[in-house]
Amino acid sequence: MTQISVVEDPGAAVEERLSAVAQEGGHLVLTGGSTPRSAYALAAERDADWSRATVWFSDERCVPPDDENSNFGMADRALLSRLSRPPRVMRIQGELGFEAAAGAYDALLREHLGPRPRFDFILLGVGPDGHVASLFPGKPELEETARLAAPVPIAGLDPQVPRVTLTFPVLNGAREVDVLVAGQDKAQAIALAFGDSPDPEAPASRVRPEDGSLLVFLDEPAASAL
Ligand code: 6PG
């Protein structure tokens, strides 16, 4: 099932879903980027009980966790460290370098969730080039099917640091994927990913949970080319 919602404040809509799922417990995936940050700040204000949840990450930049470019660091500052009843957190150790960090995360995923993880909830943003997580257009990581977490030696966008990313089999194995996008600069990418004729060159067009729901939350500018 794919459901596209065009709303005034997509961050607020996603926050409601995120807090509700976290309260139920289970395995959740957070993402980086500026749009999710607003949802995290709202979730911190709501301060639901996250203590039965385990939080993972869609991707990470290969920097230390306290670096301003760290996705974990952003989520920690905006949300995780502010919760009264925080979740267990499984972060990607970007500081190890892209190969070692990807290998360690792949092993952690297999240890806790087996060879075919089925996340309860995955949150993703979309970049202006149509990327999701750190799956950038034209890059070999898009075709990765064996690894759960892949090294990304060359990022497609700023910050130009190597990354680690979950791969499509993991994203598409989830029970629910919520995509959160705001802004006119994303309109073309959204049309290519979720319009009438999706373009496989846009990585977001490949987010299609095999046995789960896809909920896309857009503001008016992001939806303007649909
Ligand atoms: C990253 C993110 C990335 C992000 C999109 C959207 O590491 O950069 O995980 O996939 O979600 O780029 O980000 P914005 O909301 O900032 O546009």
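About the cut-offs
- Residues numbered from 1 in each chain as written.
- Predicted model: local features only at pLDDT ≥ 70, side-chain atom pairs only at ≥ 80, totals over all residues.
- Heavy atoms only, no water.
- Near = heavy atom within 4 Å.
- Polar contact = N/O pair within 3.5 Å; in protein donor to acceptor, adjacent residues only side chain to side chain.
- Areas by Shrake-Rupley, 256 points an atom, 1.4 Å probe, with all protein chains shown as cover.
- 1 Å grid on protein atoms, 1.4 Å probe; cavity = no way out; pocket = protein on both sides within 12 Å on 5 of 7 lines; lining within 4 Å.
- Sits in = over half its atoms within 2 Å of the grid points.
- Helix = DSSP H or I, 4+ residues; strand = E, 2+ residues; numbered from the N terminus.
- Nonpolar A, V, L, I, M, F, W, Y, C, P; charged D, E, K, R; others polar.
- Buried < 20%, exposed > 50% of the residue type's maximum accessible area, 1.4 Å probe, protein only.
- Contact = heavy atoms within 4.5 Å.

(A) Broad picture of the site of the ligand. Close to the ligand lie 17 residues; Ser34, Thr35, Asp59, Ala133 and Lys186 are nearest. In this structure, an oxygen atom belonging to the ligand sits 2.9 Å away from a side-chain N or O atom of arginine 61. For the ligand, an oxygen atom lies 2.9 Å from a polar atom in the side chain of histidine 131. Coverage of the ligand by the protein chains reaches 89% of its 420 Å² of free accessible surface. A molecule is said to occupy a pocket when more than half its atoms come within 2 Å of that pocket's grid points, and by this definition the ligand occupies the largest pocket. Those elements giving two or more residues to the shell around the ligand turn out to be helix H2 (34-46) and strand E4 (59-61). When residues in the shell around the ligand are grouped by element, the largest group, three residues, is from H2. Here the shell around the ligand is composed, by residue class, of four nonpolar, nine polar and four charged.

(B) Here's a closer look at helix H6 (residues 187-194). Judged by how many residues are buried, H6 sits mostly within the fold: six of eight residues are covered. Taken together, the buried residues of H6 touch strand E1 (2-6), strand E9 (176-181) and strand E10 (213-218).

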